[in-house]
Amino acid sequence: VGGYHSCALDINGDVTCWGALQVLAPVGPFVDISLGMYQSCGLRPSGSVECWSAGLDNKDVGQFDVPEGVVFRQISVGAEHVCGLDNGGLVHCWGSGESDLGIYPDYGQSIVPAGVFTKVVVGDYHSCAQDEDGLLTCWGNSEDGRLNVPEVAFDDFDVGGSHGCGFDSSEDLI
């Protein structure tokens, strides 16, 4: 579910979208999709990523400029940025936040920290990645404690527009 639209991925890898915006997704196949405020991205079986507009004349801040030559295994779309995890565990982000001005929309959410990760999930203007030990690293907009991640190993986590939560090894919700 995106900001103003929803999309579904069918068993054949084709995408159908609906909602307040008229969204026409590219022809599949895709193995995964992720939706942001005004754009969506799909992960193809080859590991390439294709991003498309949700139908508004939203400003292009680079969220459609997918890095070339990278084979992705996972993607996540925020308000105006996208992050993906490549097959080597490196995170790549593009779109708004490639600088860190500390003001909308550039909070540094596309400036990726060093490290090898197993999962990446983005909110509107912040991003989080999980390492092999289950520890989270978050970057970008620090308002409302978004980057104040507990130093515990997470079994699973997710990030919303301006928050995050997850389960630790005891299945406690944090």
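Everything discussed here concerns the structure shown above.
Residue numbers run consecutively from 1 along every chain, following the written order of its sequence. Selection of residues for local features in this predicted model requires a pLDDT of at least 70, selection of side-chain atom pairs for listing and counting requires 80 or more, and totals for whole chains, interfaces and linings are taken over all residues. Excluded from the side-chain calculations are hydrogens and water; all other atoms, namely the structure's heavy atoms, are used.

**Q** What should I look at first to understand unusual backbone geometry in this one?
**A** Peptide bonds are trans in most cases, and residues, glycine excluded, mostly fall at negative phi. A cis geometry characterises the amide bond from Gly-28 onward to Pro-29, with omega recorded as 15°. Strands are runs of DSSP state E lasting at least 2 residues, helices are runs of H or I lasting at least 4, and numbering of each runs from the N terminus. One can find Pro-29 in the loop between β2 (15-19) and β3 (32-35). At Asp-144, a residue that is not glycine, the phi angle is positive and equals roughly 60°. Mapped onto the elements of the fold, Asp-144 is located in the loop between β13 (136-140) and β14 (154-159). Buried means the residue's accessible area, taken with a 1.4 Å probe over protein chains only, is under 20% of the maximum for its type, while exposed means over 50%, and partly exposed covers the values in between. A relative accessible area of 68% means that Asp-144 is categorised as exposed.

**Q** Can you walk me through the pattern of salt bridges in this structure?
**A** Two side chains with opposite charge may pair up if their charged atoms get near one another. The working definition used for a salt bridge is a side-chain nitrogen of Lys or Arg within 4 Å of a carboxyl oxygen of Asp or Glu. Under the definition given, this model contains four salt bridges. Two residues, Lys-119 and Asp-156, come together in a salt bridge whose shortest N-O distance is 2.7 Å. Remark: Asp-156 occurs in strand β14 and Lys-119 occurs in strand β11 (residues 117-122); sequence separation between them is 37 residues. Arg-146 is the salt-bridge partner of Asp-144, the closest N and O atoms lying 3.5 Å from each other. When salt bridges that share partners are traced, they join Glu-143, Asp-144 and Arg-146 into one network.

**Q** Got a minute to help me understand the nonpolar core in this structure?
**A** Soluble globular proteins tend to pack their nonpolar side chains together in the buried interior. Nonpolar cores are built from buried Ala, Val, Leu, Ile, Met, Phe, Trp, Tyr and Cys residues. Side-chain atoms within 4.5 Å join them into one set. Counting residues in hydrophobic clusters, the biggest one holds eleven residues: Cys-41, Leu-43, Val-49, Cys-51, Val-66, Val-70, Phe-72, Ile-75, Val-77, Val-82 and Trp-94. In terms of residue count, the dominant contributor to this core is strand β6 (residues 72-77) (three residues). Those residues in contact with Ile-75 that sit more than four places away from it in its chain are Ser-34, Cys-41, Gly-42, Leu-43, Val-49, Cys-83 and Gly-84. When checking whether two residues touch, look at their non-hydrogen atoms; a contact exists if any pair is within 4.5 Å.

Without other data, these values stay purely geometric and don't point to any function.
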